[in-house]
Amino acid sequence: MSTIVPKLGTGLHAFQLRLTDIALDMMKREIAVDANVLRTLAAEVEAAMVARRVSVEAILGAPLDRLNKDGEPTFFRSGPQIKALMERLGQRPGTNRKTGRDAFDDETLFRIGKRTPQLAPLCHAIMEYRTLGNMRANFIRMRLEPNGRMRTSWNTTGAESFRWSSSTNAFWRGANLENIAKPFHSMTGAILPNLRAAIIPDRGKLLWEPDLAGADAQAVARDSGDIVLQQMFREKVKIHAERAKLVYGASAGPDGRREPYYTLAKKGGHLWHYCGKSRTMATSLGITVGEADRLVARLAGIHPGIPAWWRRLDAQV
(Lines give C-alpha, C1' and ligand atoms only; values in the text may rest on other atoms or scores of the structure.)
Protein backbone atom coordinates (compact mmCIF):
# COMPACT_ATOMS: atom_id res chain seq x y z
CA MET A 1 0.00 0.00 0.00
CA SER A 2 1.45 3.34 -1.00
CA THR A 3 1.11 6.48 1.08
CA ILE A 4 0.49 9.83 -0.54
CA VAL A 5 2.59 12.51 1.09
CA PRO A 6 1.83 16.15 0.17
CA LYS A 7 4.76 18.00 -1.35
CA LEU A 8 6.15 20.81 0.72
CA GLY A 9 5.09 24.22 -0.50
CA THR A 10 1.98 23.09 -2.38
CA GLY A 11 -1.75 23.03 -1.75
CA LEU A 12 -3.29 22.71 1.68
CA HIS A 13 0.01 21.85 3.37
CA ALA A 14 1.56 25.14 2.23
CA PHE A 15 -1.53 27.06 3.26
CA GLN A 16 -1.39 25.56 6.77
CA LEU A 17 2.30 26.42 7.05
CA ARG A 18 1.55 30.04 6.19
CA LEU A 19 -1.18 30.07 8.83
CA THR A 20 1.26 28.92 11.53
CA ASP A 21 3.47 31.93 10.79
CA ILE A 22 0.48 34.25 11.15
CA ALA A 23 -0.59 32.53 14.39
CA LEU A 24 2.92 32.81 15.84
CA ASP A 25 3.01 36.53 15.06
CA MET A 26 -0.36 36.96 16.79
CA MET A 27 0.86 35.03 19.84
CA LYS A 28 3.90 37.30 20.16
CA ARG A 29 1.69 40.40 20.26
CA GLU A 30 0.46 40.99 23.77
CA ILE A 31 -2.85 42.74 24.45
CA ALA A 32 -3.18 45.79 26.66
CA VAL A 33 -5.52 45.48 29.65
CA ASP A 34 -6.96 48.27 31.80
CA ALA A 35 -6.14 47.12 35.34
CA ASN A 36 -8.67 49.49 36.90
CA VAL A 37 -11.48 48.21 34.69
CA LEU A 38 -10.44 44.62 35.42
CA ARG A 39 -10.68 45.27 39.17
CA THR A 40 -14.11 46.86 38.71
CA LEU A 41 -15.27 43.88 36.67
CA ALA A 42 -13.96 41.51 39.33
CA ALA A 43 -16.07 43.29 41.95
CA GLU A 44 -19.12 43.24 39.66
CA VAL A 45 -18.77 39.50 39.00
CA GLU A 46 -18.36 38.75 42.72
CA ALA A 47 -21.41 40.85 43.60
CA ALA A 48 -23.48 39.17 40.90
CA MET A 49 -22.49 35.72 42.17
CA VAL A 50 -23.41 36.66 45.73
CA ALA A 51 -26.79 37.95 44.50
CA ARG A 52 -27.53 34.60 42.80
CA ARG A 53 -26.48 32.68 45.90
CA VAL A 54 -28.75 34.81 48.10
CA SER A 55 -31.58 34.30 45.64
CA VAL A 56 -31.22 30.51 45.67
CA GLU A 57 -31.00 30.42 49.47
CA ALA A 58 -34.16 32.53 49.72
CA ILE A 59 -36.02 30.21 47.36
CA LEU A 60 -34.86 27.08 49.21
CA GLY A 61 -35.43 28.65 52.61
CA ALA A 62 -32.08 27.38 53.87
CA PRO A 63 -28.40 28.40 53.60
CA LEU A 64 -26.07 26.61 51.21
CA ASP A 65 -23.68 25.53 53.95
CA ARG A 66 -21.61 22.92 52.10
CA LEU A 67 -18.60 25.02 51.11
CA ASN A 68 -15.42 24.45 49.13
CA LYS A 69 -11.93 25.53 50.16
CA ASP A 70 -12.66 29.08 48.94
CA GLY A 71 -15.69 29.31 51.21
CA GLU A 72 -18.17 29.15 48.35
CA PRO A 73 -21.16 26.75 48.01
CA THR A 74 -20.41 23.46 46.29
CA PHE A 75 -24.07 23.26 45.27
CA PHE A 76 -23.82 25.12 41.95
CA ARG A 77 -21.19 22.76 40.51
CA SER A 78 -22.40 19.59 42.20
CA GLY A 79 -24.34 17.28 39.92
CA PRO A 80 -25.52 15.03 42.79
CA GLN A 81 -26.76 17.97 44.90
CA ILE A 82 -28.69 19.55 42.05
CA LYS A 83 -30.03 16.16 40.96
CA ALA A 84 -31.29 15.45 44.48
CA LEU A 85 -33.01 18.85 44.63
CA MET A 86 -34.62 18.51 41.21
CA GLU A 87 -35.83 15.01 41.94
CA ARG A 88 -37.50 16.30 45.10
CA LEU A 89 -39.17 18.91 42.88
CA GLY A 90 -40.36 16.18 40.52
CA GLN A 91 -38.04 17.11 37.63
CA ARG A 92 -36.33 14.60 35.33
CA PRO A 93 -32.72 15.00 34.15
CA GLY A 94 -31.75 15.75 30.59
CA THR A 95 -28.98 14.11 28.58
CA ASN A 96 -25.55 15.68 28.25
CA ARG A 97 -24.76 15.98 24.54
CA LYS A 98 -21.07 15.15 24.98
CA THR A 99 -21.21 12.31 27.50
CA GLY A 100 -24.68 10.92 26.82
CA ARG A 101 -25.28 10.73 30.59
CA ASP A 102 -28.12 12.11 32.67
CA ALA A 103 -27.45 15.72 33.60
CA PHE A 104 -29.01 18.89 34.91
CA ASP A 105 -26.89 21.12 32.70
CA ASP A 106 -27.88 24.63 31.62
CA GLU A 107 -29.94 23.38 28.69
CA THR A 108 -31.94 21.07 30.95
CA LEU A 109 -32.43 23.72 33.63
CA PHE A 110 -33.63 26.22 31.03
CA ARG A 111 -36.18 23.71 29.72
CA ILE A 112 -37.38 23.05 33.28
CA GLY A 113 -37.84 26.78 33.83
CA LYS A 114 -39.79 27.10 30.59
CA ARG A 115 -41.95 24.07 31.37
CA THR A 116 -42.52 24.97 35.03
CA PRO A 117 -42.46 28.80 35.34
CA GLN A 118 -42.48 28.74 39.16
CA LEU A 119 -39.08 27.04 39.02
CA ALA A 120 -37.61 29.51 36.50
CA PRO A 121 -36.11 31.90 39.14
CA LEU A 122 -34.29 28.97 40.77
CA CYS A 123 -33.08 27.48 37.48
CA HIS A 124 -31.98 30.85 36.10
CA ALA A 125 -30.06 31.73 39.27
CA ILE A 126 -28.15 28.43 39.10
CA MET A 127 -27.36 28.89 35.40
CA GLU A 128 -26.24 32.50 35.83
CA TYR A 129 -24.08 31.67 38.87
CA ARG A 130 -22.28 29.03 36.79
CA THR A 131 -21.69 31.46 33.93
CA LEU A 132 -20.40 34.13 36.30
CA GLY A 133 -18.09 31.56 37.86
CA ASN A 134 -16.71 30.72 34.42
CA MET A 135 -16.20 34.42 33.70
CA ARG A 136 -14.25 34.78 36.91
CA ALA A 137 -12.13 31.65 36.40
CA ASN A 138 -11.40 32.06 32.69
CA PHE A 139 -10.97 35.83 32.42
CA ILE A 140 -10.99 37.77 35.68
CA ARG A 141 -8.44 35.48 37.35
CA MET A 142 -6.32 34.76 34.30
CA ARG A 143 -2.57 35.05 34.79
CA LEU A 144 -1.24 38.07 32.92
CA GLU A 145 2.28 38.47 31.55
CA PRO A 146 4.91 39.92 33.92
CA ASN A 147 4.42 43.32 32.25
CA GLY A 148 0.67 43.25 33.00
CA ARG A 149 -0.44 42.44 29.45
CA MET A 150 -2.49 39.54 28.14
CA ARG A 151 -1.55 36.75 25.77
CA THR A 152 -3.16 33.69 24.26
CA SER A 153 -1.94 30.59 22.44
CA TRP A 154 -3.40 29.70 19.04
CA ASN A 155 -3.70 26.15 17.73
CA THR A 156 -4.24 26.11 13.97
CA THR A 157 -4.47 22.31 13.56
CA GLY A 158 -6.68 21.07 16.39
CA ALA A 159 -10.10 20.81 14.75
CA GLU A 160 -11.14 18.67 11.78
CA SER A 161 -12.90 21.75 10.40
CA PHE A 162 -9.54 23.63 10.44
CA ARG A 163 -11.03 26.15 12.85
CA TRP A 164 -8.47 27.66 15.21
CA SER A 165 -8.66 27.21 18.97
CA SER A 166 -7.37 29.51 21.70
CA SER A 167 -6.06 28.71 25.17
CA THR A 168 -3.54 29.64 27.84
CA ASN A 169 0.05 29.71 26.62
CA ALA A 170 2.91 27.35 27.49
CA PHE A 171 3.48 29.22 30.76
CA TRP A 172 -0.18 28.87 31.90
CA ARG A 173 -0.71 32.57 31.34
CA GLY A 174 -3.48 34.22 29.35
CA ALA A 175 -6.83 32.71 28.41
CA ASN A 176 -9.13 31.61 25.61
CA LEU A 177 -9.59 34.93 23.80
CA GLU A 178 -11.62 33.43 20.95
CA ASN A 179 -14.74 33.06 23.10
CA ILE A 180 -14.88 35.84 25.68
CA ALA A 181 -18.18 35.68 27.57
CA LYS A 182 -20.87 38.05 26.28
CA PRO A 183 -22.36 40.74 28.56
CA PHE A 184 -25.62 38.80 28.82
CA HIS A 185 -26.65 35.21 29.46
CA SER A 186 -27.40 33.54 26.13
CA MET A 187 -30.40 31.64 27.52
CA THR A 188 -31.92 33.72 30.30
CA GLY A 189 -31.07 37.10 28.74
CA ALA A 190 -29.79 38.41 32.11
CA ILE A 191 -27.36 41.34 31.83
CA LEU A 192 -23.84 40.36 32.95
CA PRO A 193 -20.57 42.32 33.37
CA ASN A 194 -18.95 43.24 30.06
CA LEU A 195 -15.51 41.58 30.22
CA ARG A 196 -14.41 43.04 26.89
CA ALA A 197 -14.38 46.51 28.46
CA ALA A 198 -11.05 45.57 30.09
CA ILE A 199 -9.31 45.15 26.71
CA ILE A 200 -7.94 48.45 25.43
CA PRO A 201 -5.91 49.48 22.35
CA ASP A 202 -2.29 50.45 22.60
CA ARG A 203 -1.48 54.15 22.38
CA GLY A 204 -2.13 55.44 18.88
CA LYS A 205 -4.02 52.26 17.92
CA LEU A 206 -7.69 51.34 17.46
CA LEU A 207 -9.63 48.18 18.21
CA TRP A 208 -11.11 47.00 14.93
CA GLU A 209 -13.50 44.14 14.24
CA PRO A 210 -13.53 43.45 10.48
CA ASP A 211 -16.25 41.04 9.48
CA LEU A 212 -18.25 40.27 6.39
CA ALA A 213 -21.79 40.64 7.67
CA GLY A 214 -23.73 37.37 7.41
CA ALA A 215 -20.99 35.65 5.39
CA ASP A 216 -22.29 32.15 6.15
CA ALA A 217 -25.90 33.09 5.46
CA GLN A 218 -24.83 34.77 2.20
CA ALA A 219 -23.34 31.49 1.03
CA VAL A 220 -26.60 29.73 1.92
CA ALA A 221 -28.64 32.40 0.11
CA ARG A 222 -26.53 32.09 -3.05
CA ASP A 223 -26.39 28.30 -3.15
CA SER A 224 -29.99 27.66 -2.14
CA GLY A 225 -31.46 30.38 -4.33
CA ASP A 226 -33.96 31.24 -1.58
CA ILE A 227 -35.68 34.40 -2.81
CA VAL A 228 -36.56 35.77 0.63
CA LEU A 229 -33.05 35.41 2.07
CA GLN A 230 -31.52 36.96 -1.03
CA GLN A 231 -33.95 39.87 -0.81
CA MET A 232 -32.99 40.41 2.85
CA PHE A 233 -29.37 40.81 1.78
CA ARG A 234 -30.32 43.17 -1.06
CA GLU A 235 -32.25 45.33 1.41
CA LYS A 236 -29.30 45.17 3.84
CA VAL A 237 -31.47 44.23 6.83
CA LYS A 238 -29.98 42.58 9.91
CA ILE A 239 -30.80 38.97 9.05
CA HIS A 240 -30.97 37.52 12.56
CA ALA A 241 -32.81 40.50 14.02
CA GLU A 242 -35.34 40.43 11.19
CA ARG A 243 -35.86 36.72 11.66
CA ALA A 244 -36.29 37.17 15.40
CA LYS A 245 -39.13 39.61 14.70
CA LEU A 246 -40.70 37.32 12.09
CA VAL A 247 -40.50 34.26 14.35
CA TYR A 248 -41.18 35.73 17.80
CA GLY A 249 -43.08 38.92 16.97
CA ALA A 250 -43.23 41.64 19.64
CA SER A 251 -41.39 39.41 22.14
CA ALA A 252 -38.16 40.05 20.19
CA GLY A 253 -38.49 43.81 20.67
CA PRO A 254 -38.92 46.55 18.06
CA ASP A 255 -35.40 46.01 16.71
CA GLY A 256 -35.43 42.21 16.98
CA ARG A 257 -32.46 42.19 19.36
CA ARG A 258 -34.16 41.38 22.64
CA GLU A 259 -32.64 38.33 24.31
CA PRO A 260 -32.95 35.41 24.32
CA TYR A 261 -34.99 35.69 21.11
CA TYR A 262 -32.21 37.21 19.00
CA THR A 263 -29.76 34.45 19.98
CA LEU A 264 -32.41 31.77 19.46
CA ALA A 265 -33.13 33.08 15.97
CA LYS A 266 -29.41 33.38 15.16
CA LYS A 267 -28.21 30.02 16.51
CA GLY A 268 -31.38 28.23 15.48
CA GLY A 269 -31.20 29.73 12.00
CA HIS A 270 -27.60 28.63 11.46
CA LEU A 271 -28.40 25.11 12.62
CA TRP A 272 -31.55 24.96 10.46
CA HIS A 273 -29.62 26.14 7.37
CA TYR A 274 -27.81 22.82 7.40
CA CYS A 275 -30.86 20.63 8.02
CA GLY A 276 -30.71 20.59 11.81
CA LYS A 277 -33.69 18.74 13.29
CA SER A 278 -35.94 19.84 16.14
CA ARG A 279 -34.49 17.53 18.78
CA THR A 280 -30.92 18.63 18.04
CA MET A 281 -32.04 22.25 18.00
CA ALA A 282 -33.85 21.88 21.33
CA THR A 283 -30.75 20.44 22.96
CA SER A 284 -28.46 23.07 21.46
CA LEU A 285 -30.67 26.06 22.29
CA GLY A 286 -31.99 24.88 25.64
CA ILE A 287 -35.63 24.93 24.55
CA THR A 288 -38.34 22.29 24.42
CA VAL A 289 -38.76 20.06 21.36
CA GLY A 290 -42.18 21.64 20.85
CA GLU A 291 -40.64 25.11 20.76
CA ALA A 292 -37.98 23.86 18.34
CA ASP A 293 -40.70 22.35 16.14
CA ARG A 294 -42.40 25.73 15.95
CA LEU A 295 -39.10 27.50 15.20
CA VAL A 296 -38.30 25.02 12.40
CA ALA A 297 -41.79 25.32 10.93
CA ARG A 298 -41.67 29.12 11.04
CA LEU A 299 -38.24 29.25 9.37
CA ALA A 300 -39.42 26.85 6.65
CA GLY A 301 -42.44 29.11 6.08
CA ILE A 302 -40.23 32.19 5.77
CA HIS A 303 -37.58 30.53 3.57
CA PRO A 304 -39.20 27.77 1.43
CA GLY A 305 -36.21 27.76 -0.90
CA ILE A 306 -33.89 26.28 1.73
CA PRO A 307 -35.74 22.95 2.28
CA ALA A 308 -35.92 22.67 -1.52
CA TRP A 309 -32.13 23.16 -1.56
CA TRP A 310 -31.68 20.27 0.89
CA ARG A 311 -33.75 18.01 -1.37
CA ARG A 312 -31.61 18.94 -4.39
CA LEU A 313 -28.41 18.21 -2.47
CA ASP A 314 -29.81 14.94 -1.17
CA ALA A 315 -30.68 13.85 -4.71
CA GLN A 316 -27.17 14.73 -5.90
CA VAL A 317 -25.59 12.70 -3.07
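Everything that follows concerns the structure shown earlier in this document.
Not measured: the values here are computed from a predicted model. (Residues numbered from 1 in each chain as written. Predicted model: local features only at pLDDT ≥ 70, side-chain atom pairs only at ≥ 80, totals over all residues. Heavy atoms only, no water.)

**Concerning the environment of Ala300**
No. 1: As for its position among the elements, Ala300 is in helix H11 (residues 289-302).
No. 2: If we skip the residues at most four places from it in the chain, Ala300 touches Trp272 and Pro307. (Helix = DSSP H or I, 4+ residues; strand = E, 2+ residues; numbered from the N terminus. Contact = heavy atoms within 4.5 Å.)

**Digging into the packing of aromatic side chains**
No. 1: Scanning all chains against the criterion turns up six aromatic pairs.
No. 2: Centroid distance Trp272 to Trp310: 5.3 Å. Interplanar angle 70°. Geometry classified as edge-to-face. Residue Trp272 is located in helix H9 (residues 261-273), and its partner Trp310 is located in helix H12 (residues 305-316); the two are separated by 38 residues in the primary sequence. In terms of burial, Trp272 and Trp310 fall into one category: buried.
No. 3: Here a set of aromatic residues connected by ring pairs shows up, and it is made of Phe75, Phe76 and Tyr129. (Phe/Tyr/Trp six-rings, centres within 6.5 Å; stacked < 30°, edge-to-face > 60°. Buried < 20%, exposed > 50% of the residue type's maximum accessible area, 1.4 Å probe, protein only.)

**A word on the packing of H9 against helix H10 (residues 278-285)**
No. 1: The geometry of H9 relative to H10 is characterised by a closest axis approach of 10 Å and an angle of 145° between their N-to-C directions. The crossing of H9 and H10 is right-handed. Facing H9, whose interface residues are Leu264, Lys267, Gly268, Leu271 and Trp272, H10 presents Thr280, Met281, Ser284 and Leu285.
No. 2: When the residues that make up the contact of H9 with H10 are grouped by side-chain class, the tally is five nonpolar, three polar and one charged. (Axes fitted to C-alpha atoms, helices over the stretch in contact; angles between N-to-C directions. Left-handed = near helix turned anticlockwise from the far one by under 90°. Nonpolar A, V, L, I, M, F, W, Y, C, P; charged D, E, K, R; others polar.)

**A short note on helix H6 (residues 215-224)**
No. 1: Within H6, burial applies to Ala217, Val220, Ala221 and Ser224. What you see down the axis of H6 is that its buried residues fit within an arc of 100°, all on one side.
No. 2: Considering only its buried residues, H6 is in contact with helix H7 (227-234), H9 and H12.
No. 3: Gly225 sits one or two residues past H6 and shows a positive phi near 75°. (Arc of directions from axis to C-beta.)

**Looking at the pattern of salt bridges**
No. 1: On inspection of all chains with the given rule, the structure shows 15 salt bridges.
No. 2: For Arg151, the salt bridge is made with Glu145, and the minimal N-O distance between the two is 3.5 Å.
No. 3: Where Glu145 meets Arg173, a salt bridge forms, and the shortest distance between an N and an O atom there is 3.3 Å. Linking Glu145 in the loop between helix H5 (120-140) and strand S3 (153-155) with Arg173 in the loop between strand S4 (165-167) and H6, this pair joins segments that are 28 residues apart in sequence. Grouping residues by exposure puts Glu145 and Arg173 together as buried.
No. 4: One connected set of salt bridges, linked through shared partners, spans Glu30, Glu145, Arg149, Arg151, Arg173 and Asp202. (Salt bridge = Lys/Arg side-chain N within 4 Å of Asp/Glu carboxyl O.)

**Focus on a nonpolar patch on the surface**
No. 1: Among the surface-exposed residues, Leu12, Phe15 and Phe162 lie close enough to one another that they form a single nonpolar patch of about 300 Å² accessible area.
No. 2: Topologically, Leu12 is positioned in helix H1 (residues 11-28). (Patch = residues over 30% accessible without salt bridge, like charges linked within 9 Å, V, L, I, M, F, W, Y side chains within 5 Å. Areas by Shrake-Rupley, 256 points an atom, 1.4 Å probe, with all protein chains shown as cover.)

**A short note on the nonpolar core**
In a soluble, globular protein the nonpolar side chains are often hidden away together inside.
No. 1: Counting 59 residues, the largest nonpolar core has Val56, Phe75, Met86, Leu109, Ile126, Phe139 and Met281 as its most contacted members.
No. 2: Of the residues forming this core, the biggest block, 10 residues, is contributed by H5.
No. 3: Setting aside residues no more than four positions away along its own chain, Met281 makes contact with Gly268, Leu271, Trp272, Gly276, Gly286, Ile287, Ala292, Leu295 and Val296. (Core = buried A, V, L, I, M, F, W, Y, C linked by side-chain atoms within 4.5 Å.)

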